[in-house]
Amino acid sequence: MRTDSETLNVEFTVNGEARRVSIPPRRTLADVLREDLGLTGTHLGCEHGVCGACTVIVDGEPVRACLMFGVQAAGCEIETVEGLALPDGSLNDLQRSFSEHHGLQCGFCTPGMLMLGTAYVRRAVAADRESVREVVSSNLCRCTGYQGIVDAVCELVCHPDGTGAGEDPAGDS
Amino acid sequence: MKPAAFTYHRAESVEHAVSLLGELGEDAKVIAGGQSLVALMNMRLARPSALVDVSGVRGLHHMVLEPSGELRIGALVTHAAIEDYPLVIPGFEILPKAAALVGHWPIRTRGTFGGSIAHADPTSEWCLVAVLHGARMVIEGPGGSRTLGSEDFFGGPFMTDLGHDELLTEVVLTEPRERSAIREFARRAGDFAIVSAAVAYDIVNGRMSGARVALGGVASVAVRAPAAEAELEGAEATPEVFARASRAAAEDLQPPSDLHGSADYRRRLVRVLTERALADTLAGD
Amino acid sequence: MDDTATPAGGTRWTGNKWVGRPMSRLEDAALLTGRGRYTGDIDVPGTLEAVFVRSTVASGEILGIDTTAALDRPGVQAVVTATDLAATPGLTALLEREGFVTTTMPLLATDGVRYAGEPVAVVLASDRARAEDGAESVVVEIAEKPAVISIDQVREGGAGAVHEEAPDNILLDSTLFSDDLDSVLESSHLVVTKRVDTGRVVALPMEGRSAHAHWDGDRLTLHTSTQVPHMVRSAVAEQMGLMENQVRVVAPDVGGGFGQKCVVAREEVIVAVLARMLDRPVRWVEDRGENIVASFAGHEQVHEMTAGFTAEGVLTALSTDVWCDVGAYSAYPFTCAVEPLMAAGELPGPYRVPRYAARGVAVTTNKSPTAPYRGVSRPQITLAVERLLDEAAARLGIDRAEIRRRNLIRPEDFPYTGANLVTYDAGTYGESLEMCLAELGYDRWPERQERARAEGRLLGLGFVCFSERTGYGTPVFAGRGMAVTPGFDTAVVAMDPTGGVTVTTGVSAHGQGHATTFAQIVADRLGVEPSQVRVIEGDTDAVPFGWGTFGSRSIVIGGSAAHRAAGRLAEKLARLAAHRLEAAPADIVLENGSAHVRGTPARSVSLAAIAHDAHIAVQHLPEDEEPGLEARDSYDPPGTFSNATHGAIVEIDPGTGGVSIERYVVVEDCGVVINPLIVDGQVHGGVAQGIACALYEGLDFDEEGQCRTATLMDYLMPTAMEIPDFELHHLETPSEHSSTGAKGMGEGGTIGAPACVVSAVADAVAHLGIPVDRIPVTPQYLALAIGAATDNPDPGEQT
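Since the structure is predicted, the reported quantities are computational estimates derived from the model, not experimental observations.

Helix and strand counts for chain A come out as five helices and five strands. Of the regular secondary structure in chain A, the N- to C-terminal order runs β-β-α-β-β-β-α-α-α-α. Across the 173 residues that make up chain A, the buried fraction comes to 63%. Contacts in chain A between residues at least 24 apart in sequence constitute 56% of all its contacts with a sequence separation of at least 6. Taken as a whole, chain A presents about 5800 Å² of accessible surface, with 44% of it coming from carbon and sulfur.

What follows concerns the overall build of chain B. Check the secondary structure of chain B and you find eleven helices and 14 strands. Against the 2.2 N^0.38 benchmark of 19 Å for 285 residues, chain B shows a C-alpha radius of gyration of 19 Å, consistent with a compact globule. In terms of principal-axis extent, the alpha carbons of chain B reach across some 60 × 45 × 30 Å. Out of the 285 residues belonging to chain B, those deemed buried represent 61%. Counted over contacts in chain B with a minimum sequence separation of 6, partners at least 24 positions apart contribute 61%. Of the roughly 10400 Å² of accessible surface on chain B, a fraction of 51% belongs to carbon and sulfur atoms.

What follows concerns the packing of aromatic side chains. All names here are of chain C. For the structure shown, the criterion picks out 19 aromatic pairs over all chains. Seen from their ring centres, F488 and F545 are 6.5 Å apart, and the 25° between their planes marks the pair as stacked. With F488 in the loop between α14 (474-480) and β23 (489-495) and F545 in the loop between β25 (533-537) and α16 (554-581), this pair connects stretches of sequence that are 57 residues apart. Given the relative accessible area of 22%, F488 is considered partly exposed. The exposure class of F545 is partly exposed, given its relative accessible area of 32%. Among the aromatic side chains, those forming a connected cluster through ring pairs are F334, Y472, F477 and F550. When the ring centre of W18 is taken as reference, the NZ or CZ atom of R21 above it lies at 4.2 Å. The lysine or arginine in question, R276, covers the ring of W215, its NZ or CZ lying 5.5 Å from the ring centre.

Attention shifts here to empty space enclosed by the protein. All names here are of chain C. Taken as a whole and assessed by the stated rule, the structure comprises eight cavities of 30 Å³ or more. The space that makes up the largest cavity amounts to roughly 670 Å³. Lining the largest cavity are 44 residues, and of these Q512, T549, S552, R553 and G746 lie nearest its centre. If you list the elements that add at least two residues to the lining of the largest cavity, you get α9 (338-346), α14, α15 (514-526), α16 and α18 (676-696). Considering only residue class, the lining of the largest cavity consists of 20 nonpolar, 18 polar and six charged. The calculated volume of the second largest cavity comes to roughly 110 Å³. Of the residues contributing to the lining of the second largest cavity, the split by class is nine nonpolar, three polar and five charged.

Before going further, it helps to examine the interface of chain A and chain C. Counting residues at the interface gives 47 residues for chain A and 54 residues for chain C. Surface buried jointly by chain A and chain C totals about 4200 Å² across both partners, of which 56% is contributed by carbon and sulfur atoms. At the surface where chain A touches chain C, the tally comes to seven salt bridges. Here R26 of chain A and D133 of chain C are joined by a salt bridge, their closest N and O atoms 2.7 Å apart. Scanning the region where chain A abuts chain C turns up 26 residue pairs in polar contact (both at pLDDT 80 or more). Put simply, the parts of the chain that give the side of chain A that touches chain C at least two residues each are α1 (29-36), α2 (93-100), α3 (110-123) and α4 (129-136) of chain A. Of the residues forming the side of chain A that touches chain C, the biggest block, five residues, is contributed by α4 of chain A. Here the side of chain A that touches chain C is composed, by residue class, of 18 nonpolar, 16 polar and 13 charged.

Core analysis: the largest hydrophobic core is formed by 224 residues, its most contacted members being Y664 and I691 of chain C. Counting residues domain by domain, this core receives three or more from each of domain 1 (8-82) and domain 2 (93-157) of chain A. Sequence-distant contacts of I691 of chain C, defined by excluding residues within four places in its chain, comprise I661, Y664, Y696, I723, P724, F726, A753 and V757 of chain C. Grouped together as the second largest cluster of nonpolar side chains are 49 residues, V19, V493, A577 and V597 of chain C included.

Here we take up the sheet that holds strand β1 (residues 7-10) of chain B. All names here are of chain B. Strand order in the open sheet formed by three strands is β1-β3-β2, with parallel pairing between adjacent strands. This sheet does not close on itself; its edge strands, each paired only once, are β1 and β2 (28-31). Along the sheet, successive strands turn relative to each other by an average axial angle of 25°, direction set aside. Bridging between β1 and strand β3 (residues 50-53) involves four bridges; their strand directions are parallel. When the sheet's bridge partners are listed, T7 is paired in β3 with A50. Seen against the sheet, helix α1 (residues 14-24) touches β1, β2 and β3 and runs at an angle of roughly 175° to β3.

What follows is about the sheet that holds strand β3 (residues 76-81) of chain C. Residues and elements named next belong to chain C. A sheet is described by the order of its strands in space; here seven strands give the open sequence β3-β7-β1-β15-β12-β13-β14, paired in mixed fashion. On the outer flanks of this sheet lie β3 and β14 (247-250), each paired with one strand and no other. Pairs of neighbouring strands in the sheet enclose a mean axial angle of 20°, with direction left out of account. Summarising the sheet, strand β13 (residues 220-224) and β14 pair through four bridges and their orientation is parallel. Paired with H223 across the strands is V250, a residue of β14. Helix α3 (residues 128-137) contacts β1 (48-54), β3, β7 (119-125) and β15 (282-285) of the sheet and is inclined by roughly 30° relative to β1. Sheet strands in contact with helix α7 (residues 266-278) are β1, β3, β7, β12 (210-215), β13 and β15, and its direction is about 25° off that of β12.

The next subject is the interface of chain C and chain B. Between chain C and chain B, the residue contacts involve 44 residues of the former and 30 residues of the latter. For the pair chain C and chain B, the summed buried area comes to about 2900 Å², and 52% of that belongs to carbon and sulfur atoms. The salt bridge partner of R44 of chain B is E132 of chain C, with a shortest N-O separation of 3.7 Å. For the pair chain C and chain B, the interface holds 18 residue pairs in polar contact (both at pLDDT 80 or more). Within the residue set of the side of chain C that touches chain B, elements represented by two or more residues are α3, α8 (288-293), α18 and α20 (779-790) of chain C. Per-element accounting of the side of chain C that touches chain B gives the leading share, six residues, to α20 of chain C. When grouped by side-chain class, the residues that make up the side of chain C that touches chain B number 17 nonpolar, 14 polar and 13 charged.

Another aspect to go through is the confidence of the model for chain A. Overall, the prediction assigns chain A a mean pLDDT of 91, with 88% of residues at 70 or greater. Residue range residues 164-173 of chain A is modelled with pLDDT below 50. Its contacts to residues more than four positions away, or to other chains, number 22 contacts.

All names here are of chain A. Here chain A is partitioned into domain 1 (8-82) and domain 2 (93-157). The gap between the C-alpha centroids of domain 1 and domain 2 is 21 Å. On the side of domain 2, 14 residues touch domain 1, which itself brings 16 residues to the contact. Of the roughly 1200 Å² buried between domain 1 and domain 2, counting both surfaces, carbon and sulfur atoms make up 63%. On the domain 1 side of the interface with domain 2, the three residues burying the most area are H43, I57 and V81, jointly 35% of the side's total. Where domain 1 packs against domain 2, one counts one salt bridge.

Turning our eyes to something else, we now look at the side chain of T320 of chain C. Residues and elements named next belong to chain C. Structurally, T320 can be placed in strand β18 (residues 315-327). Residue class for T320 comes out buried when judged on its relative accessible area of 1%. Among all residues touching T320, those that are not within four sequence positions of it are H303, E304, M305, L347, Y356, A357, A358 and R359.

Residues spaced three or four apart along an α-helix point in a common direction, a consequence of the helix completing one turn every 3.6 residues. Turning to α4 of chain A, its buried residues are V132, R133, V135 and V136 of chain A. For α4 of chain A, the angular spread of buried residues about the axis comes to 160°, placing them on one side. Buried-residue contacts for α4 of chain A involve α3 and α5 (147-157) of chain A together with α5 (105-108) of chain B.

Rules behind the numbers
Residues numbered from 1 in each chain as written. Chains lettered and ligands numbered in written order. Predicted model: local features only at pLDDT ≥ 70, side-chain atom pairs only at ≥ 80, totals over all residues. Heavy atoms only, no water. Helix = DSSP H or I, 4+ residues; strand = E, 2+ residues; numbered from the N terminus. Buried < 20%, exposed > 50% of the residue type's maximum accessible area, 1.4 Å probe, protein only. Contact = heavy atoms within 4.5 Å. Areas by Shrake-Rupley, 256 points an atom, 1.4 Å probe, with all protein chains shown as cover. Rg over C-alpha atoms; globule rule 2.2 N^0.38 Å. Phe/Tyr/Trp six-rings, centres within 6.5 Å; stacked < 30°, edge-to-face > 60°. Lys NZ or Arg CZ within 6 Å of the ring centre and 35° of its normal. 1 Å grid on protein atoms, 1.4 Å probe; cavity = no way out; pocket = protein on both sides within 12 Å on 5 of 7 lines; lining within 4 Å. Points joined across faces, edges and corners; volume = space filled by probe spheres on them. Nonpolar A, V, L, I, M, F, W, Y, C, P; charged D, E, K, R; others polar. Buried area = accessible area lost by both parts, 1.4 Å probe. Salt bridge = Lys/Arg side-chain N within 4 Å of Asp/Glu carboxyl O. Polar contact = N/O pair within 3.5 Å; in protein donor to acceptor, adjacent residues only side chain to side chain. Core = buried A, V, L, I, M, F, W, Y, C linked by side-chain atoms within 4.5 Å. Domains from an automatic or database assignment. Pairing = 2+ DSSP bridges. Axes fitted to C-alpha atoms, helices over the stretch in contact; angles between N-to-C directions. pLDDT = per-residue confidence, 0-100. Arc of directions from axis to C-beta.

Next comes the structure, spelled out in structure tokens:
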């Protein structure tokens, strides 16, 4: 029977910082972030790809960090919730919007929701409330009934009348 | 919920992948996007001894429309790439619609077209599209390449004709059609469909021609519905004809009963979804 | 402790600067930046990961456990079975009540297994993956027995016994109210009998259960994802034979609970036991499969009701038998009686029921045990009574709203004591109904529904009224006969030498935002900013003894305790300020971080200066004042009733049977709203959970007792696409049973939503004669019933 006697060296960047880890192949990216790098902001809610609590951004795209092995992240640029705040430590627009709209209660799904929302806001698509709901439906939340989360994301991508914004709301895409 | 141990091998090319698979033996598995495989591995329902990662292999990310009208899709094209493809692909307009139905966005960013076909989930959108469009699967193995039609490729739920040392590299969709549509029903957004239906036909002299109806969730693999196709073929595209064809689609089915739906319910969904998909084909008229 | 709303020695509090404001939460910044700290994040060097080996069969006798192969797996440090835990007595939940059978939940299965998923052994390894390698190598030999899987099976008799102590599988059979209703029913114009079935669901907090224990030689520190740190401390101390001061239980950030974490889990106790036994830190992080299959479930009930009505639709009598499938064990400390006693005790809800008879039964089966899941029986009794009223209205030809108007508790009735001997404080039962109907456009509904039906569309409107008893105090639990009566709670409010305020309290938030709401309450009392108030909960070394957070108790009980303690502290601050300002204490106003003389703002002193003297320069204090600024108070209310009307408009796709919710309106009255943002959030989440119970979620078991919905792919927790936008409206009847006037409201959303959605679904298919008396209502049920009723081979086009 196989064991973890063999580990592989993997290099990637996390929130802009070069990292190198020595990991067994079976360690998922989520566990690498949490256990090897101490970045416990990324949460594990189901480990079978349904709940999305572990969502991080890899090379610009939102992915489930429980459905990707750390070894597959070699050379990738990874972004996690720990990298979202502004350089002075204050909350960015999406984080602030989550707080203002009460888009979080227990906070466990929040990092995944934020990373999903971050990737979405960057697409700068003209969004309406329904398409925001569809994106938010990627991840599960048990506390909020989703309303505060949808409100929070809409704040950044929807017109006040609920239709598409039509322009780049994030300014960083 | 952590996977059993395995060894990891990054393939540099198709040939390298095939040779790795040959060396590593029957318990090795190919990983591309991993969106189904890793979930199964985490639950230890799949426990390959080795993974051959083909995600870095070049030359499998193409979508090429041949002069013949056939469409070649590289195995590593992601669902998201198909969903967001900036051009209309004549004859295969169903593709972005089907892509949008695959799981959720963070799944579509990594999951691949070829991976989905090779995984052979009976309710997979891509297996349904493959059957609808008479797909040819291009397979590379130690003895070179071979091609299989979908009827020979899919063997049953999660079973294909792929040998342990073979790699699916490309899927060729044939039978382009002017009009096509896909409908499915799932309890929640992004879930695997309980039943899915896809339809396609051309209009020749005001009548339907080359009609195809494919169904998912009603058998161990996605299937065609010949009785429904017969009703459509040569008829005018009217609601009455669509209703008849949809009834025909449901009539001869013996779908499975399980937690997600009884046979009776699945038959009803086939009728309803086929009719709605057919109605969708008139949406542009 | 008294029950008055007036803080000791003070006047009724009126100055609300912060209370009532929708202020963003003080706890958000950490959670939004990845600085939340949940139990699974705790990393102590040398920690062993625990993985439970769980029974793969629902019922059977353990013949042997072979751990040899597991111990050979790399990284595995130990494998523990029940034999190793012989010194622990197991968890026994006690109820002093006739008809209750006491059972014990051993920490690990000993003689036999009683549900698929029951822990049989624990494997400890250097990391979780290796512990799982070990767990799959443990060989458990079990002689399987037929499983007991349903209430009906138990009622039919002949099933094997889950517990020897209860050969008939009845752990409680209690007639709470006996009344001979025959003559009343005979003379009633209409008698309706009805059975309502509700599905088994699981709370599914996004963070599963989790525990990390560390033994330092004579003291245990246990971090655990719990709602009830002190209850866990008591249980752990008892199981380990320790004094409670040798045990520190900490609930760090907790990722939701919904009741699943308000009982003591055997796993968290085992982790503590093993930390001492192995002298290594031990961590267990439940995975989602365990959380669905092996943790605590709830809500599976059968209600059999008979009700009499006059020709005008006025209730004359109601009798009910409530059968609850409590699963394999009685959870500590609430016992398995919590559901049947709550259901039978409170079924009349917001309606005047002149004669009432009720029996509650707890049936044990080979399924995972139950805990008080959000709403605790009230979602089920609301569904049952509302289905009853809808049927009576239809049969009597009375409008659905009208029959409710005729039976609701009226404003002149308060305080109203029902036939169930419960006293309701004032609420807005009729007003909330009328407001909800107006919002829904109920008067125009029949035309809209008719038009839709003519187009082949199935639209339904539903609405339900309910009361939500909150802030259960000691007398309620004592009245049930519970050996543990978690009624009161305590708060300590202290000001430090810089004027910073710290509140410690025995309630324990897991998403409810106490750090903000308690700060708002205390800030108003002390005249400081909420940002200067730090709220500490969940650490038994730091907070006063208390009962944690469940049963919509925190704002009523903990909030009142904090309010009262802050009031005491405010009085002392006023005295000290009066001394410095040479004024009377009664003339001192605390505002904006200062104390000033009423009418003369210039005569002021900063609270920081007072606080400095009170600690650092006590020679400046009046002679009769003690040093320090700290006040403590407790609160133990009789309970206070929130109320609400929920209304919904739904559309059923006649082809697929899928239900979509077009509108969802809530008119609720939870007394004084401390923070509207947080209150709305509780309603949103609660309603979503109730919609889940109505349409999506249900644990499904096969005949062998195997759970067939063991993943989130099969157990259908709804997403943002299934849950609609909510429209909320508030009425405000201040409670006389809390110091702030607030009533609890954490469960109301979940209580009303299943009945509301079902009422709307039933309305949509009422003309087809399709009964909807069982949840979850599945698309399959609706589609096939609609097909059979309409005999329509071509269901209409839907988009």
